[in-house]
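Listed here are the chains, written in short residue letters.
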Amino acid sequence: MSSLNKMLGIMELFTDAKFAWTAEEMEARLGLTRSTLYRYLRELVDAEFLTSLPQLGYTLGPKIIELESIVQRQDPLISASRPLMAELVGEFGGLTALCRLYRQRVMCVHQEQGVDGFQSGYHKGQARPLLAGSASRVILAHLPGPLVRRLYDEHAPAFHRNGLGETLEAVRQSLRTIRQRGWDVTIGHVTPGVTGIAAPIFDGRQKVLGSLSAVVRRTGLSEERIAAMADKTSFCARSITRALSHAEGGEAAPNVRPGRALSRLNPIM
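To start, this report covers the structure provided alongside it. Residue indices begin from 1 for each chain and proceed along its sequence in written order. Residues qualify for local features only when their pLDDT is at least 70, as the model is predicted, and side-chain atom pairs are given and counted only at 80 or more; totals for whole chains, interfaces and linings, by contrast, use all residues. In computing side-chain properties, one takes all heavy atoms of the structure into account and sets aside hydrogens as well as water.

Time to look at the layout of surface pockets. Considered as a void within the structure, the largest pocket measures approximately 1,300 Å³ in volume. Helix and strand definitions follow DSSP, with helices as H or I runs of at least four residues and strands as E runs of at least two, each counted in order from the N terminus. When contributions to the lining of the largest pocket are tallied by element, the ones reaching two or more residues are α1 (3-11), α4 (62-74) and β4 (105-113). Among the elements that make up the lining of the largest pocket, the one with the highest residue count is α4 (six residues). In this analysis, the protein atoms alone were mapped onto a 1 Å grid. Cavities are point sets where a 1.4 Å probe fits without being able to get out; pockets are open sets with protein on both sides within 12 Å along at least five of seven lines; lining residues have an atom within 4 Å of a point. Grid points are joined across faces, edges and corners, and a volume is the space filled by probe spheres set on the points.

We call two strands paired when DSSP finds no fewer than two bridges between them. In the sheet, strand β3 (residues 95-102) pairs with β4 via eight bridges, with the strands oriented antiparallel. Bridged to Ala-97 within β4 is Gln-111. Taking the residues that link successive antiparallel strands as the turn, the β3-β4 hairpin has two residues, and the phi of Arg-103 there is positive, at about 55°. Relative to strand β8 (residues 208-216), β3 is paired through six bridges, and the arrangement is antiparallel. Bridge pairing in β8 places Arg-100 opposite Gly-210.

Turning next to the packing of α1 against helix α3 (residues 34-46). For every element, the axis is a line fit to its C-alpha atoms; helices are fit only across the contacting stretch, and the angle between N-to-C directions ranges from 0 to 180 degrees. At a minimum axis distance of 10 Å, the contact between α1 and α3 shows a crossing angle of 70°. As the angle between them shows, α1 and α3 are arranged roughly perpendicular. Residues Ser-3, Lys-6, Met-7, Ile-10 and Met-11 of α1 touch α3, and the partners they reach there are Leu-37, Tyr-40, Leu-41, Glu-43 and Leu-44. Residue classes in the contact of α1 with α3 are distributed as seven nonpolar, one polar and two charged. Reported orientations rely on four angle classes, namely roughly parallel under 35 degrees, roughly antiparallel over 145, roughly perpendicular from 65 to 115, and oblique for the rest. Contact definition: two residues touch when any of their heavy atoms are within 4.5 Å. Classification convention: Asp, Glu, Lys, Arg as charged; Ala, Val, Leu, Ile, Met, Phe, Trp, Tyr, Cys, Pro as nonpolar; all other residues, Gly among them, as polar.

Below, the discussion takes up the environment of Cys-108. Relative to the elements of secondary structure, Cys-108 occurs in strand β4. Separated by 18 residues in the primary sequence, Cys-108 and Gln-126 place their C-alpha atoms 5.9 Å from one another.

Now the structure itself:
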């Protein structure tokens, strides 16, 4: 393992479950010599990626906050999505969530909330498994087959628990249905009493990058309401894909306006 990877391993320690680490705890967890560990810590503190607090240990430093602020202002995915998310939440209420694939998980990177003040249990910056919720499953449906098989081999009960099938072939059929439909809908997977509808977003190479979801604090929606939300969410996701393709110099996706796909939708409620 390179020196850089070892230093990055220190940053990987910080989670919601444990935000502060002493040098002794890091040494035991990472297996680094004390001299090497303190050299890395000194460099990370000097760059303000970490902060050292008496009686507490090391925590993430202000440089992390600065970088997150830059991402929110400059990231092309967020910039392309923000106005469309505002339009989507203005029409249907609730909130809209922008997620992206992150280390075989799904991370929420931006949200827009409606005037009803509804808040989801899935917060910005939070990474979740690929199986729970429409925002995750619609990404999973576009991942390579070998990766899906490996995930199934490792987490077969979770696939069944989240309604994707009891066998690998059943899972493949469920994901094929989501791909062909172009969107996914789940009820109460992340937050009880909530319906989420999500569509995939692709990069300039047409690899799945993330998803856009519309989330409302209601269940039992009519087929017509689901179709309307799915059509608009899919249109917005395609618009984001086109914007990213244009920014990367790739081939833009076809321009499909809302309403044209309604006859092809197959609501599952």
